[in-house]
Each structure stands twice: as C-alpha cells, then as structure tokens.
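A look at the structure
As a plain string of letters, each chain reads:
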Amino acid sequence: MKHLEALQKAADASGGNRASGTSGHEASARYVEEQLRAAGYKPVRQVFTYRDNNRDADVETFNILADTAGDPAHTIVVGGHLDSVRRGPGINDNGSGVAAMIETARWMAETGIRPKNRVRFAFWGAEEVDLLGSKHYVDSLSSAEISQTMVNLNLDMVASPNGGRFVHDGDGSTFGDAGPAGSDRIERTFMDYFAQNGLAAEATVFDGGSDYQPFLRAGIPTGGLFSGDVDRKTSEQVEEFGGVEDDDLDPCYHKSCDTISNINPKLLNEMAGALGYVTVAYAMVARLD
C-alpha cells in the first residue's frame, strides 16, 4: 500500500494521471527505480518513441528493466505496465500490479533467494496507448533471446474493489484459446498456489488486452493474474470471492476515481503472494517441461 500511496502522490502532482510522457509517469518511474536500487537491483531504462496523433507530437517514453542473478538462457519476464490512462491515476490499473512486482523483487533480494534462472522485472511504458512498451521489448529481442525467454508472467489490475482471483487460461480448457506450449503449466502453478492456500480462483480469457499479447505472438509461454474490470460479478463469483452481485468488478476502470480508495488490499495481498510463489517456482526450476 505504501507503493500505491507513492503512485497516487505522483498522479496528484501531475494533473491527476501518470500517463506516459507526463511528469506523473516520470515520478512513478523514479519511485520504482529507487525501490529497486534499495533492494540491490540495477534498473535500466529501455527508451523508445511513439507518435501521439491526438497531440500531433512524438513522445519519448521507456520501459524499466531490472534483473536478478541466474542463467540468462532461461529468463522469466515478470511484467506489468507502469503508465495510467490520461483520465485518472491508475492506482488499480496498474499501480496494483506494479506494487506486487516491487514487493516480489524486494522479497527475493531480502530473503537471499539465489535463482537458477534469471528473473527480469519489466515495468512497461505506453501500455495504455497500444501495448507499445511490451511490443517494443519483444520486437527488440533477437530470435535467440526469444528462445531464451522461458515464460512471461503478466500483472494487470490485481486489486479490483469488487474483483476476483482470475488466472489466464493457459491450457484453453475454459475459453478455448490456449497459450503457447508451457502456458498450461503456468496456469496450473497459479491455480495450485491458490488451492493450497484455500483460495478460490477461476480462469480468465486471453483477450489480447494487456502486455502478454506480444509474448503470445512470439510463441513464449505466457500467463498471469487479473482481478477484473468492466464485467459484472456473477452470483457464482460472489460465492467464490464475495462482493456485490451484478456490480462491475472495477467500477472505476479507466476513470478519475481509480484512486487509492479504489483498492481491495486483501485481494492485492493474495495476488502478490501468488506472484511471488510462481516467480520463484520458475526461477528455481531446472527445465520447463
């Protein structure tokens, strides 16, 4: 929650948002970098430029990348977007994912975990434009680097106020569109974590609306967590997760009210725990199959 308070402060000082190319995004980036450096990481910026047709201007922005030790030939990319829409501060979308990523990185460093495989924490820029940061990252990879990317774990909205614990449908058994080979195992590992902790979870579709999309297209095993946006909560989901039936999972999605008061702290804690578990599971595994 302290991370979310910092992101809220960055938005408040920047006209209420943290969109790419704004001072709010820059302040958010500096905060993330400070947290990573304090934990012993060496974050770097991967800079790129895109055309903003609404303002008829070129905008320079960036991804932030920070690596653990471990074999780079087996890299786990843990990604989530740092920017918000221009209509609001984006504290759930996607400050919540950013907070979970920072805590996972800090926890790995502070507990002395020595991963066999490299974990790369990636905070994407310009997701709210058109997934541009993650697209730039994947497009910049060589064919060898793509083959060396073991999995992508994506965090995008993990603390929706009326949300649930949703895991992307890697095996396609629920929605019919499986991810690349290995995505089924990611889904199963997340589901196992929730089951072992007595927490209900259900599959959610790969609909192309987040930063996992470029990884899917590159054939990289992909999965992740989501807590819901404009869909309405069903009676079955109320039984599983609690909350209010027939209300939006996040009524403040892409709105100015997506502030720190829009956060479900309990759900954020549960989803961050799942991310930490699955990240380390892949960091320590000898091979994917």
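Here the structure is shown first, and the text comes after it.
Notes on the structure in this doc start here.

What follows concerns the pattern of salt bridges. Here the structure, examined in full by the defined rule, presents 13 salt bridges. Put simply, D67 and R120 hold a salt bridge, and the shortest N to O gap is 2.8 Å. Separated by 53 residues along the polypeptide, D67 in strand β2 (residues 57-67) and R120 in strand β4 (residues 117-124) bring together distant segments of the chain. On the basis of relative accessibility, which here comes to 28%, the residue D67 falls in the partly exposed class.

Time to look at the sheet that holds strand β3 (residues 71-81). Reading across from one edge, β1-β2-β4-β3-β5-β8-β6-β7 is the order of the 8 strands in this open sheet, with mixed pairing throughout. The sheet is open, and its two borders are formed by β1 (44-52) and β7 (202-204), each paired with just one other strand. Each strand axis lies, on average, 25 degrees off the axis of its neighbour in the sheet, ignoring direction. Pairing analysis gives 4 bridges linking β2 to β4, with the strands arranged antiparallel.

As enumerated under the stated definition, the model contains 1 disulfide in all. Note that C252 is cross-linked by a disulfide to C257, the S-S spacing being 2.1 Å. Since a negative S-S torsion denotes a left-handed disulfide, the C252-C257 link at about -115 degrees is left-handed. On the accessibility criterion, C257 (33% relative accessible area) is partly exposed.

What counts, and where the lines are drawn
- Residues numbered from 1 in each chain as written.
- Predicted model: local features only at pLDDT ≥ 70, side-chain atom pairs only at ≥ 80, totals over all residues.
- Heavy atoms only, no water.
- Salt bridge = Lys/Arg side-chain N within 4 Å of Asp/Glu carboxyl O.
- Helix = DSSP H or I, 4+ residues; strand = E, 2+ residues; numbered from the N terminus.
- Buried < 20%, exposed > 50% of the residue type's maximum accessible area, 1.4 Å probe, protein only.
- Pairing = 2+ DSSP bridges.
- Axes fitted to C-alpha atoms, helices over the stretch in contact; angles between N-to-C directions.
- Disulfide = S-S within 2.5 Å.

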